Amino acid sequence: MPSSPELSTRIDQAVTETGAELTSFLQSLVQAASLPNHERPAQDRIAHKLQTMGLEPEIVPSRFEELRQHPAFGDDGFSPDGRVNVVGRWRGSGKGAGRSLILNGHVDVVPPGDPALWSDSPWSGVVRSGYLYGRGSCDMKAGLSAGIFAIDVLQRLGFRPARDVLVESVIGEESGGIGTLTTIVKGYTADGVILLEPTGLEICPVQSGALTFRLIVPGRAAHAAMKPHGVSAIDKFALLLTAINELESERHMGFQHPLYEDPNCIAPVNIGTIHGGEWHSTVPEQVVAEGRFGVLPGESNPDARHALEEAIGDVSGRDPWLSEHPPRVEWFEGQFESSETPVDHPLIQTLQSVHQQVLGAPPRLHGVTYGSDMRLFINHAHIPATHYGPGDVALAHAANECVRLDEVLTAVRVVARLITEWCGGRVS
């Protein structure tokens, strides 16, 4: 049932009244520089807020020894047992119809880069012209704050859901999803998940996957004055790079999906680093390149890996040197699967409805090309999930990262209404 006009009006009023408090809370989270291995101060602030709301926050450590056998586990290179997640539970009354919901967000942030490129400290949380600035403001402390304050607002109105609402503040999303995987392994579950990632309040129920790979190309060293007697690994890498780019084009030409508007940017392939040679007057004997191989929606990770390995093998087999000295492909770190929730699923339909109630227009639905924890819920916990939150993802990871505060407040309104309709319940 849609939110009653009276309840909707009261939600709007309550959100406006709590705007300054939400801004202050978001500032405090941004000012807690929660880089990987240093998330605890931010998590403590979230746990304290959830405690004041009566959500009985649980501190849930991520321990590699408890996760290592899971097929989605990936060692992100950070502490194997010293990082914690926070899970708060707003207990439902159990009366009437409704479904449980997880509001998921991560507190870990990427490094800020050169501080000279920022107008203020990356950890300032300064507010200027309606925007709040700082690393993590957009990705994704604004969304996490919006989820927490959606519950806060409903509590102030005396609303109680029929089914549980969980808030998950996790670590490790930027480096592989170790935090969300922990909550899944520990048994936290629900009937639906909203990942409050920055989508500009657009609904993103499908994502491509992303596989990190390393390509090692051999050559034969020689003095540069005797170049014909050597084999340049850089030249051989150039052959393979051409094949990789051609493979990317072919994969996109043979794939279509209604939620991806750009047919050439569904599962991008990118070489991010190249290291070759040791001396300017020596023919380089090795190139090591690392990159990201996109996984098409619906494609399995093994099939995607095979596509790259086959392309590398085909080119190598036609080259006299590489056929005798084949390059190696190694897969490491993030191995993100693709995932998708059908657009006709009740979770997506309900979110569309409440978005239109609040903004007066239907939301845009589209797919995303970046990895996130959504795949863990859909593929490994078998829970329908979607991205939806405030912020422009184009500003994430950039200098002067920021988020529009009015968009954060709109997200609070939408999520609060979603809770009333998805979880059921009533005002006491």
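So, how was this worked out
- Every chain's residues receive numbers from 1 upward, in the order its sequence appears when written.
- Local features are withheld for residues below a pLDDT of 70 in this predicted model, meaning they are given only at 70 or higher, and side-chain atom pairs are given and counted only at 80 or more; totals for whole chains, interfaces and linings count all residues.
- Side-chain measures were taken over the full set of non-hydrogen atoms in the model, leaving aside hydrogen atoms and water.
- Strands are labelled as partners when DSSP assigns at least two bridges between them.
- Helix and strand assignments follow DSSP, with helices taken as H or I runs no shorter than four residues and strands as E runs no shorter than two, numbered in order from the N terminus.
- Whenever a helix is involved, its axis is fitted only over the stretch in contact; in every case the axis is a line through C-alpha atoms, and angles between N-to-C directions fall within 0 to 180 degrees.
- Using a 1.4 Å probe on the protein chains alone, a residue whose accessible area is under 20% of its type maximum counts as buried, one over 50% counts as exposed, and one in between counts as partly exposed.
- What makes two residues a contact is simply this: any of their non-hydrogen atoms within 4.5 Å.
- We call two directions roughly parallel when the angle between them is under 35 degrees, roughly antiparallel when it is over 145, roughly perpendicular when it lies between 65 and 115, and oblique otherwise.
- By convention the crossing between two helices is left-handed if the near helix lies anticlockwise of the far one by an angle smaller than a right angle, and right-handed if it lies clockwise.
- Classes in brief: Ala, Val, Leu, Ile, Met, Phe, Trp, Tyr, Cys and Pro nonpolar; Asp, Glu, Lys and Arg charged; the others, Gly included, polar.

## What about the sheet that holds strand S10 (residues 209-218)?
Strand order across the open sheet formed by four strands is S11-S12-S10-S13, with antiparallel pairing between neighbours. In the strand order of this sheet, the two ends are held by strand S11 (269-276) and strand S13 (328-336), each with one partner. On average, adjacent strands in this sheet sit at an angle of 20 degrees to one another, irrespective of strand direction. Note that S10 and strand S12 (residues 286-295) share ten bridges and pair antiparallel. Directly across from Ile216, in S12, lies its bridge partner Val288.

## Thoughts on the environment of Val60
Note that Val60 resides in strand S1 (residues 58-62). We classify Val60 as buried; its relative accessible area is 5%. Placed 123 residues apart in sequence, Val60 and Thr183 show a C-alpha to C-alpha distance of 7.7 Å. Apart from residues no more than four positions distant in its own chain, Val60 is found in contact with Arg83, Val84, Asn85, Val87, Thr182, Lys186 and Tyr188.

## Focus: the packing of helix H7 (residues 233-253) against helix H8 (residues 301-317)
Closest axis-to-axis distance for the H7/H8 pair is 10 Å, and the angle between their directions is 135 degrees. Considering their axes alone, H7 and H8 lie oblique with respect to each other. With respect to the hand of their crossing, H7 and H8 are arranged in right-handed fashion. Contacts from Leu239, Leu240, Ala243, Ile244, Leu247 and Arg251 in H7 reach Ala304, Ala307, Leu308, Ala311, Ile312, Val315 and Ser316 in H8. Grouping the constituent residues of the contact of H7 with H8 by class yields eleven nonpolar, one polar and one charged.

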